[in-house]
Structure formats: structure tokens, C-alpha cells
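Descriptive analysis of the structure
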Amino acid sequence: MDYFVFVSVDKDDSGDEAPIPHEERALTQGVLKTLASKLDDLSTCNELIGKHGAALQRSLSELEELRASNDNTDKVKAVNERATLFRITSNAMLNACRDFLDVAESHSRRWQKALHYEREQRHHLEETIEQLAKQHNSLERAWRENPSSYAGVERPQEGDVSDDNEEAEFFDAMEDSTAFITVTAAMFVGSVRQLTSQVSAFTFTESLFVCFKDTSTNHMQLRRTRRTRIPDKPNYSLNLWSIMKNCIGKDLSRIPMPVNFNEPLSMLQRLTEDLEYSELLDRAARCDSSLEQMCLVAAFSVSSYSTTVHRTAKPFNPLLGETYELDRLEEYGYRSISEQISHHPPAAAHHVTSQRGWTLWQHITIDSKFRGKYISVMPLGNIHLQFHSSGNHYVWSKVTSTVHNIIVGKLWIDQSGDIDIVNTTTKDTCRLKFSPYSYFSREVPRKVTGVVEDREGTAHYILSGTWDDKMESAKIVESSHGGGGSEGKQKTVYQTLQPKLLWKKYPLPENAENMHFFSSLALTLNEPEEGVAPTDSRLRPDQRLMEEGLWDEANIQKQRLEERQRQERKKREANCCKSQDIEGYQPLWFDRKTDENTGDATYFYKGGYWEAKERQNWSQCPRIF
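Residues numbered from 1 in each chain as written. Predicted model: local features only at pLDDT ≥ 70, side-chain atom pairs only at ≥ 80, totals over all residues. Heavy atoms only, no water.

A word on the overall build of the protein. The secondary structure content of the protein amounts to twelve helices and 21 strands. The buried share of the protein, reckoned over its 625 residues, is 42%. Sequence-distant contacts in the protein: of pairs separated by 6 or more residues, those separated by 24 or more amount to 60%. Of the roughly 34600 Å² of accessible surface on the protein, 50% is carried by carbon and sulfur atoms. (Helix = DSSP H or I, 4+ residues; strand = E, 2+ residues; numbered from the N terminus. Buried < 20%, exposed > 50% of the residue type's maximum accessible area, 1.4 Å probe, protein only. Contact = heavy atoms within 4.5 Å. Areas by Shrake-Rupley, 256 points an atom, 1.4 Å probe, with all protein chains shown as cover.)

Counting residues in hydrophobic clusters, the biggest one holds 60 residues, and the most contacted among them are Trp358, Leu385, Trp396, Ile421, Leu432, Phe434 and Leu463. Among the elements that line this core, the one with the most residues is helix H7 (residues 290-303), at nine residues. (Core = buried A, V, L, I, M, F, W, Y, C linked by side-chain atoms within 4.5 Å.)

So, on to helix H11 (residues 551-574). Its 24 residues give H11 an end-to-end C-alpha distance of 35 Å, which sits within 8% of 34 Å, the value for a rise of 1.5 Å per residue. Taken together, the buried positions of H11 are occupied by Trp551, Ala554, Asn555, Lys558, Leu561, Gln565 and Arg572. Along its buried surface, H11 packs onto strand E4 (314-316) and helix H10 (541-547). (Expected span 1.5 Å × (residues − 1).)

Counted by the stated rule, this structure contains 24 salt bridges. Residue Glu273 pairs with Arg270 through a salt bridge whose shortest N-O separation is 3.9 Å. Summarising the burial analysis for this pair, Glu273 and Arg270 share the class buried. If you follow the salt bridges from partner to partner, you end up with Arg226, Glu331, Glu529, Asp536 and Arg538 in one network. (Salt bridge = Lys/Arg side-chain N within 4 Å of Asp/Glu carboxyl O.)

Applying the stated rule across the entire model yields 14 aromatic pairs. Between Phe387 and Tyr394 the ring centres are 5.8 Å apart and the planes differ by 85 degrees, which places this aromatic pair in the edge-to-face class. Each member of the pair, Phe387 as well as Tyr394, carries the same accessibility label: buried. Between Trp589 and Trp618 the ring centres are 6.5 Å apart and the planes differ by 90 degrees, which places this aromatic pair in the edge-to-face class. One end of the pair, Trp589, is in the loop between H11 and strand E20 (590-594); the other, Trp618, is in the segment after helix H12 (609-615), and 29 residues separate them in sequence. An aromatic cluster of at least three residues, connected via ring pairs, comprises Trp589, Tyr609, Trp610 and Trp618. Sitting over the ring of Tyr305, Lys398 keeps its end group 5.4 Å from the ring centre. The positively charged end of Arg446 is found above the aromatic ring belonging to Trp467, 5.8 Å away from the centroid. (Phe/Tyr/Trp six-rings, centres within 6.5 Å; stacked < 30°, edge-to-face > 60°. Lys NZ or Arg CZ within 6 Å of the ring centre and 35° of its normal.)

Let us look at the UniProt feature "coiled-coil region" (unreviewed entry) in the protein. With numbering matched to this structure, UniProt assigns "coiled-coil region" (unreviewed entry) to residues 115-142. With 100% helix and 0% strand, residues 115-142 has end C-alpha atoms that lie 41 Å from one another. (UniProt positions renumbered as here; feature names shortened; annotations may be inferred.)

On any regular strand, side chains alternate: one points to one face of the sheet, the next to the other face. Among the nine residues of strand E6 (residues 334-342), eight are classified as buried, and the element is accordingly described as predominantly covered. Pairing geometry for strand E5 (residues 323-328) and E6, over six bridges, is antiparallel. Of the residues in E6, the one forming a bridge with Thr323 is Glu339. Taken together, the eight bridges between E6 and strand E7 (residues 347-354) define a ladder with antiparallel strand orientation. Of the residues in E7, the one forming a bridge with Ser342 is Ala347. In this structure, the hairpin formed by E6 and E7 is closed by a connection of four residues. (Pairing = 2+ DSSP bridges.)

Cis geometry is found at the peptide bond from His344 to Pro345, where omega equals -5 degrees. Within the secondary structure, Pro345 sits in the loop between E6 and E7. Phi at Gln616 takes a positive value of approximately 55 degrees, unusual for a residue other than glycine. Relative to the helices and strands, Gln616 resides in the segment after H12.

So this is what it looks like as C-alpha cells:
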């Protein structure tokens, strides 16, 4: 039973001044708490209405059956009692709706006024910054055209910006206008004083600028713009069966493949792409209920497959020691580092830490087999996720991915199997079932279903959706055992509230079909970036050439790198030391330890990467490219 409350906002013609931001913030927080309390009341009433309504319906059905009977006094009494309960609950719902509407209406004008005030202040700030940039441009241009006029003006040194040099007329050179605007502190300090009180009053939720202090000078810098396209994929035809026919039953990681079957991303980058919907974990970190948190974690585990629906190409198999970093502290509050720790079998370690309350790590080994008509890719290993405030620790693994129509027809991918998510702290569980595609099935393709249970095995939420589109959760209000299921087992029937959307897939970028069907995040993963480790996947030459459409040159580089890796492997085997873990290779950024929750040997981030990047000291990194 759904209720919609519409709050009309009338134009306020009063001449009252906008409220003081600090007082308004405190008042708003109080109102939001009141509204949240009213919403809880509405939710409780809604559940009771559903429950009593169902009971009333059952009683009416029973009464209908006993209409011909004379002995139905008890049934009529029961119906009257349930109808009374339903009427009382309905009245409570109406009263709660009225209270919610009254509170919302009483504050809507105040909020509208505050919003208008903040918009005006933001607009004023943007105009001021734009004016400063124009002044800087014209002054710099004047200095370039006639530098002799400023021969007597000395450049202010770092730390010398004070009240006495506000009129200094020496300005740093204008850098690339598409990247950022440089403004010296001498020029900026007066305007900053004027704006400081306004800036502290509110946060730019859709800010165009990011302010930061550099070690050498003060900058007003535009937030970095990530790329939104890559060169279109060339239309090269190649017979896949001509290469795959001799590979049936073999491990594909040991079979050399031309780049024609690849996409211009490494497996480390594909692993990092799981963070496409990291905001689900941000939301989960703010949950007070571990069961609601489990729903969001489950949605996150499903969302990682949404980018694969059209992605039938193979990612580059990383070289041993290859790394990949993704620093998104500024945009999304996290940064990620992964390393290829084994080549045969292919294995990678991955660590992500977020300023928004969570840490994720995983050690994944890829097992792939060619079965004639299809290729199966089976990720082995566990994914760990821990929330900082609650300490809740979740563990799960991935399902099997299958690429069909290897011999003839259009390639397509499917996901199948079960994901068992366990909260090792509270013992809550969730089993997600990925239904394999069947031509004869009437079910929705790519269907995913699941049940969230507490440590006692009591079901609280039903999850449903598809791995390529969305996931929803529905709270269970009543469960009963129905008719016989398969193998003589009783079938459990759940009565739920209306489902709520947990996750929805982002639309693909324009022209994605010509860009390997990459998502918006995937388009940025191989974007060149300064300061990364010399082992970073962005610097891999064959992958870069393939992205640029130079596939013949990419194949030459790929053969060179693979031959070099074979030679390095022979050297390690000749000098193999018993203290070293895998193939005579010791990972640089990860240590092998026993996991306390699963008892399995896994790899944990030992630290040091981001410190090395800050110092730009990569002397310990091997030369692999």
C-alpha cells in the first residue's frame, strides 16, 4: 500500500532576510529528525495495515464459505474484531500522514527561501572567481607585452603574502586554460577575505572548483576532467575458431592470443572496475541496521557484473609484477592498488580504502577452460569488505562467467551460480542465485534472486532483479509454508512490503558500441596519468597501441613482452629460493598471510605504495615493460 504526499510551495513575497546559515542548519537537522520519526510511524502503520488487511481478507473468505451454515456467530465476531483493528490502523495512518504533511508544509517556505539564498551566494562566488580569472589574464597579457614597465617589481616569495603586498603586480604564467587557472596569493587574498564567511556557510554540492594549497604556491584549480571517449575499435575480421579449435580443454591463460581478441584493459583494470558503483558501499557504511547493510552489500556484489553484458572480449593477462592504481579520493573518496602476484595460474591481489567508512580487499585466481562451444571463466578466492564504524566484516566470492557461441553465431556472455555473502561479525547471511539463461525458460533473462537472513535463519528481506540492470529489496512481514516444492520439500511463501530500489545501472556513454562497450569509468581506466609506478598497466605498450587502433604493432609488442616474461621466469626458476612464495617471485606491495575468518592463505596489502608515489621513489619496482 503506497502513500504519496505532495507538498506545495508558494512564492514567499515577504521581505524577511535569509536565516543565518548556522541557525538554519540546526533548525533543518531538527526538522529532518522529526520528519524521519514521522516516516517511521508511517512505515509501521503501513506494515500493520498490510497485516490486518490480509487477516481481514482471510476472515471474509471464511465467512463466505460458511454463509449457508447457521453456526457462524464466532466467525462474524472475528470479522468484526479484525475490521475494527483495520479501521483503527487506517485512522492512525491518516493521522500520521496529516502530521507529516503539516510539518513538511510549515517548513517548505523556509527551505525554499534558504535554497534561494544559497543559490544566490553560489552565483555570486562563481562570478567573482570568473572576474578574478579575467583580471589575471589581462594583467598577465599586459606584463608579457610590456615587461619593462614592471622591471622594478619583485616577485613575492613563498610565505611573504601579507597585508603589505596586496597590491603586488607580479603574476605566475597562465597554464593550460583547459586544465586549471593559476592565481597568486597576492592577487587573491583580498577577495578571499570577502568570500570566506560565505564559503564557510555552505557546501558546493555541484561545485565547479576545487581549492587546495600546493607546497610552492596557491592555486584555484578546476577539478580534473576525465576523458569520455577512446579511439573507435577497428573493424578487423579474424576467425576465432581457427585459433581455438586446438585449445579444447586447455587453460586459456597458457595460450598466446593476438590482441584482436582483447579489449584495451588489463585484468587488474577489470578487477578495479568492480568499483563502478562504490556509492553503494558509501550508503552501506551509513546504515545502522546490519540487515539493511547486507542488502546494499549484496547489490554491490551484483553490480560488478553489469559492465560485462556486452563485453565478450578478453582483458590483457597482466605480466608478473604488473600493478594498477586508481586514485579517486577527490571524486569518490577511495583509492585502489592491485598487483599481479602470479602468472601461472593468473592471480592478483587488490586493496581499496575509502575515506567514507569502508575497506575492501581480495585475492583472486582465474581459472578458464575452453569447452568447444563456450569458454568458462571461474574466479577463485574471496572478496572481503569491512566497515570502519561498525566493524562488520563481509566475505563472498564470484560466480562463473561463460562466453557462448565460440564456433558460430554472435558471442554472448552469461553469469551463473550462487554467491554466499556472510557477515562474519553478526553471522547474517545472504545467498544470491544467478539463474543461467535458458531458451525454454519463461523467467526474466539474467535473473538474480536472494534472501537475507539473520544468525537464527529468520528471513528479513527478499532481493530480486537482474545482474545487467537493477536490484530491489522487499521487507518480509509474514512467511508461511505453502504446498510441496521440489524433492518433497515444503515451499516457503513470503508476504512483503513494496520493493525498494537498491541499485540501477548507469546508461552506457554515447558511441559505446564502437568503444568496446566501455562504461564511463572503464573509459578512464587506461587514461595516461603522471606519477604512477613504472609497472602500472597504463604504461604497457601493447595495450596502449591496441587502444590507439594500431593492432599489428600491438601484436609485435605483445610477443616481445611475452618472450621477455618467459626468459625472466627461467631465471627465477634457476635461482628459486625456498623462502619465496610463488614462482620464485615475491610480491612488492602484498604479503601472504592466513585469513582469520576463512583459514585460507591470502594476500594482504602491506603498505608503502602511496608513500612511494608521494616521494616518486620507484627504485624497488622491477622493469617489466
